[in-house]
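Topology and contacts: notes
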Amino acid sequence: MTVLDSAPDPVDLLTVVDQQVRDLQDAGGEPHAILVGPEAYEALKTAVAERFGREPADLSQYQWVPVVVDPFRGDRVCVVPAPRDVAAGVRAERA
């Protein structure tokens, strides 16, 4: 299974996250968390608010997947699989 770590354009952020979730599910895995940097978190909050027509607010989940902010990731986003899937073998790639 391949997991992408990317820095998408904020306009495409939700599309990238949605695609990464689908890719994990298509590979037989389960999304465990969405890892985002501080800049990506702010962009994700804004994108979710725009999609659902509301004000930006703190985000603890998206698509029932926990959102985890990693201060060292900057503007990067990665949807990671569950631990059992990682143990089975996961390759991470930067895009």
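Here we summarise the structure given alongside this text. Everything numeric here is computed off the predicted structure, so don't read it as measured data.

**Regarding the side chain of Asp18**
By the secondary structure assignment, Asp18 is in helix H1 (residues 13-26). Side-chain polar atoms of Asp18 contact the side chain of Arg51, separated by 3.2 Å. A distance of 2.8 Å separates polar atoms of two side chains, one belonging to Asp18 and the other to Tyr62. Apart from residues no more than four positions distant in its own chain, Asp18 is found in contact with Arg51, Tyr62 and Gln63.

**So, the pairing of strand E2 (residues 31-36)**
Both E2 and strand E5 (residues 77-81) contribute to a ladder of 5 bridges, which runs antiparallel. Of the residues in E5, the one forming a bridge with Ile34 is Val79. Of the strand pairs in this sheet, E2 and strand E4 (residues 65-69) are connected by 3 bridges, and their pairing is parallel. Of the residues in E4, the one forming a bridge with Ile34 is Val67.

**A look at the environment of Val79**
Tracing the backbone through its elements, the reader meets Val79 in strand E5. Separated by 16 residues in sequence, Val79 and Ala95 have C-alpha atoms that sit 13 Å apart. If we ignore the near neighbours within four places in the chain, the residues touching Val79 are Val3, Leu4, Val17, Gln20, Val21, Leu24, Pro31, Ala33 and Ile34.

**Description of helix H2 (residues 38-52)**
Taking 1.5 Å per residue as the helical rise, H2 with its 15 residues ought to reach 21 Å, and the 21 Å between its terminal C-alpha atoms agrees with that figure. Listed in full, the buried residues belonging to H2 are Ala40, Tyr41, Ala43, Leu44, Lys45, Ala47, Val48 and Ala49. Within two residues after H2, Gly53 carries a phi angle of roughly 65°, on the positive side.

Thresholds applied
- Residues numbered from 1 in each chain as written.
- Predicted model: local features only at pLDDT ≥ 70, side-chain atom pairs only at ≥ 80, totals over all residues.
- Heavy atoms only, no water.
- Helix = DSSP H or I, 4+ residues; strand = E, 2+ residues; numbered from the N terminus.
- Polar contact = N/O pair within 3.5 Å; in protein donor to acceptor, adjacent residues only side chain to side chain.
- Contact = heavy atoms within 4.5 Å.
- Pairing = 2+ DSSP bridges.
- Expected span 1.5 Å × (residues − 1).
- Buried < 20%, exposed > 50% of the residue type's maximum accessible area, 1.4 Å probe, protein only.

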